[in-house]
Amino acid sequence: MSKKILIETSARHIHVAEADLETLFGKGAKLTPKKDLSQPGQYACVERLDIVGPKKTIPNVSILGPTRPATQVEVSYSDARTLGLTAPVRESGDVAGSAGCKLVGPCGEVTLTEGVIVAKRHIHLTPEAAAEFGVEDKEIVCVKCEGADRALTFGDVVVRVSPKFAPAMHIDTDEANAAATFGEFYGEIVK
């Protein structure tokens, strides 16, 4: 099997906890799916929020569903600078000691003392796909991108394996711009 993996750009987004959803959108609020994402069960929502930092606000940011145990904001380094935040590079869910912000919805506000991260670039694989690629969960690999204009190799890419995943690599908008990975783009996993 070729070691080529689909590379998708993950733009800034927010994962919300149930309690915060009700504060932001009102009692009994539920997320409204707008568009399915490549990862099974994940979707972009109709609902959107403003992210308020000490320097500026980024309005109208997408929420991804379903709800999560804790509210988390994923931004690029460029977004973090715009907001006036120092957000660490972390895997999703690893928010302890990360930056905070305020989220503003139509019915209320939530102040996060932590939860803002720059997502660590990562590859989602099923156990079967991981076996075919010859990689394991939590392994760190490189992914070579050979575009016409901006070839580069991403280092420090964490492999995440679960039967709930669909094979794809996720990078943020800064990384996608650096490698010009626009449209349907594939990279090669190298060790």
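Just so we're clear, the structure is a prediction, and the values are computed from it rather than from any experiment.

Another point: the overall build of the protein chain. Scanning the protein chain from N- to C-terminus turns up four helices and 14 strands. Its C-alpha atoms give the protein chain a radius of gyration of 17 Å, near enough to 16 Å, the size a compact globule of 191 residues would have. With the principal axes as the frame, the protein chain shows a C-alpha extent of 50 × 35 × 30 Å. The buried share of the protein chain, reckoned over its 191 residues, is 46%. A total of about 9,400 Å² of accessible surface is found on the protein chain, and carbon and sulfur atoms cover 51% of it. Side chains of the protein chain give 22 positive and 26 negative charges; the mean places of these two sets differ by 4 Å.

Moving on, we come to the pairing of strand β11 (residues 140–145). Of the two faces of β11, the one lined by V141, V143 and C145 is fully buried and the one lined by I140, C142 and K144 carries no buried residue. Where β11 meets strand β12 (residues 152–161), five bridges bridge the pair, whose relative direction is antiparallel. Its bridge partner lying in β12, V143 is registered against F154. The turn joining β11 and β12, which pair antiparallel and follow one another in sequence, is formed by six residues.

Attention shifts here to the nonpolar core. Judged by nonpolar contacts, the single largest core of 27 residues is most densely connected at I14, I51, V73 and L103. When contributions to this core are tallied by element, the ones reaching two or more residues are α1 (18–25), β4 (43–52), β5 (57–65), α2 (77–83), β8 (99–104) and β9 (109–119). Excluding residues that lie within four positions of it along the chain, I51 makes contacts with I14, K56, T57, I58, V61, V73, V75, L83, C101, K102 and L103.

Right, let's talk about the sheet that holds β12 for a bit. Sheets are built from strands that pair by backbone hydrogen bonding, the pairs being arranged parallel or antiparallel. Overall, mixed pairing links the six strands, which are arranged β1-β13-β10-β12-β11-β14 in a closed barrel. Here the average twist between neighbouring strands, direction ignored, is 40°. Pairing of strand β10 (residues 122–125) with strand β13 (residues 168–171) involves three bridges; the strand directions are antiparallel. In the sheet register, I123 faces β13, and the bridge partner there is M169.

The next point concerns the environment of G41. Mapped onto the elements, G41 comes out in the loop between β3 (33–36) and β4. Taking the relative accessible area as the measure of exposure, G41 reaches 57% and is therefore exposed. Taking C-alpha positions, G41 is 34 Å from A148, a pair spaced 107 residues apart along the chain.

We now examine the pattern of salt bridges. By the definition in use, this model includes nine salt bridges. For D79, the salt bridge is made with R12, and the minimal N-O distance between the two is 2.9 Å. On the criterion of sequence distance, the pair formed by D79 in helix α2 and R12 in the loop between β1 (4–9) and β2 (13–15) is long-range, its members being 67 residues apart. Ionic pairing is found between K138 and E91, a salt bridge with its closest N-O pair at 3.1 Å. On the criterion of sequence distance, the pair formed by K138 in the loop between α3 (127–133) and β11 and E91 in the loop between β7 (89–90) and β8 is long-range, its members being 47 residues apart.

For the rest of this paragraph, the subject is unusual backbone geometry. A cis geometry characterises the amide bond from G65 onward to P66, with omega recorded as 5°. Checked against the element boundaries, P66 lands in the loop between β5 and β6 (72–74). Positive phi, close to 75°, is recorded for K138, a residue that is not glycine. In the Ramachandran plot, A180 falls in the positive-phi region, its phi being about 50° despite a non-glycine side chain. Looking at where A180 falls in the secondary structure, it is placed in the loop between α4 (173–179) and β14 (185–190).

Criteria and cut-off values
Residues numbered from 1 in each chain as written. Predicted model: local features only at pLDDT ≥ 70, side-chain atom pairs only at ≥ 80, totals over all residues. Heavy atoms only, no water. Helix = DSSP H or I, 4+ residues; strand = E, 2+ residues; numbered from the N terminus. Rg over C-alpha atoms; globule rule 2.2 N^0.38 Å. Buried < 20%, exposed > 50% of the residue type's maximum accessible area, 1.4 Å probe, protein only. Areas by Shrake-Rupley, 256 points an atom, 1.4 Å probe, with all protein chains shown as cover. Lys, Arg positive; Asp, Glu negative; His and termini not counted. Charge placed at Lys NZ, Arg CZ, Asp CG, Glu CD. Pairing = 2+ DSSP bridges. Core = buried A, V, L, I, M, F, W, Y, C linked by side-chain atoms within 4.5 Å. Contact = heavy atoms within 4.5 Å. Axes fitted to C-alpha atoms, helices over the stretch in contact; angles between N-to-C directions. Salt bridge = Lys/Arg side-chain N within 4 Å of Asp/Glu carboxyl O.

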